[in-house]
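# Reading the structure
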Amino acid sequence: MTLAINQSTSFDAQLKDDKEIPFVNFTGSVDAKAVPSVNYYITNQDVYSKNVKNFRTAFMDFQNAVFDAADKKAIELDEGTATDEDEVPTE
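Read on for a plain summary of the structure. In this text, all values refer to a predicted model and were calculated from it rather than measured experimentally.

### Considerations on the overall build of the protein chain
Check the secondary structure of the protein chain and you find 2 helices and 5 strands. Along the chain direction, N to C, the helices and strands of the protein chain fall in the order β-β-β-β-α-α-β. Sorting the 91 residues of the protein chain into buried and exposed places 21% on the buried side. Long-range pairs, those at least 24 residues apart, make up 50% of the contacts in the protein chain between residues at least 6 apart in sequence.

Structure, rendered in structure tokens:
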């Protein structure tokens, strides 16, 4: 029997306007093979519409954080120094 345990690094953030009203949630991850994933969900369309430029800047910053982690993970995998295991055999 084999138990496949997937490990990833997770990221999340919430963007708020100047009045501290949240309007976008960001999520991201980097899996054990250094593959990044980034998503966002607009939670308040009215506030978002007034803050599109701020959203785009924040989204790029968030993406860069996730992609930087993916690049670091890829280097670890290439060098053989990665610590995550893709599969954990069980008996």
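### Brief notes about the sheet that holds strand 3 (residues 22-31)
Reading across the sheet, the 3 strands line up as 2-3-4 and stay open at both edges, with antiparallel pairing between neighbours. Strand pairing shows two members of the sheet lacking a second neighbour, strand 2 (8-16) and strand 4 (36-42), which therefore form its edges. Between one strand axis and the next, the sheet turns through 15° on average, direction left out of account. Strand direction decides the pairing type here: strand 2 and strand 3, joined by 9 bridges, are antiparallel. Bridging from a neighbouring strand, K16 pairs with P22 of strand 3.

### Here's the deal with helix 2 (residues 52-79)
An α-helix turns once per 3.6 residues; consequently, residues spaced three or four apart project the same way. Taking 1.5 Å of rise per residue, the 28 residues of helix 2 would be expected to cover 40 Å, and the 40 Å separating its terminal C-alpha atoms lies within 8% of that figure. Restricting attention to buried positions, one finds in helix 2 the residues F55, A58, F59, F62, V66, A70 and K73. Where helix 2 is buried, its residues contact strand 2, strand 3, strand 4 and helix 1 (45-50).

### Re the nonpolar core
Counting 13 residues, the largest nonpolar core has L15, F23, V24, F26, Y48 and F55 as the members making the most contacts within it. With 6 residues, the single largest contributor to this core is helix 2. Ignoring sequence-local partners within four residues, the contact set of L15 consists of I21, P22, F23, V24, F26, N54, F55 and A58.

### Let's talk about the side chain of D17
For D17, the position within the fold is in the loop between strand 2 and strand 3. Summary of buried charges: D17 has no salt-bridge partner, and the nearest side chain of opposite charge, K19, is 6.1 Å away. Reaching out from D17, the side chain makes a polar contact with the backbone nitrogen of K19 at a distance of 2.9 Å. For D17, the side chain forms a polar contact with the main-chain nitrogen of I21, separated by 2.8 Å.

Conventions used here
Residues numbered from 1 in each chain as written. Predicted model: local features only at pLDDT ≥ 70, side-chain atom pairs only at ≥ 80, totals over all residues. Heavy atoms only, no water. Helix = DSSP H or I, 4+ residues; strand = E, 2+ residues; numbered from the N terminus. Buried < 20%, exposed > 50% of the residue type's maximum accessible area, 1.4 Å probe, protein only. Contact = heavy atoms within 4.5 Å. Pairing = 2+ DSSP bridges. Axes fitted to C-alpha atoms, helices over the stretch in contact; angles between N-to-C directions. Expected span 1.5 Å × (residues − 1). Core = buried A, V, L, I, M, F, W, Y, C linked by side-chain atoms within 4.5 Å. Lys, Arg positive; Asp, Glu negative; His and termini not counted. Salt bridge = Lys/Arg side-chain N within 4 Å of Asp/Glu carboxyl O. Polar contact = N/O pair within 3.5 Å; in protein donor to acceptor, adjacent residues only side chain to side chain.

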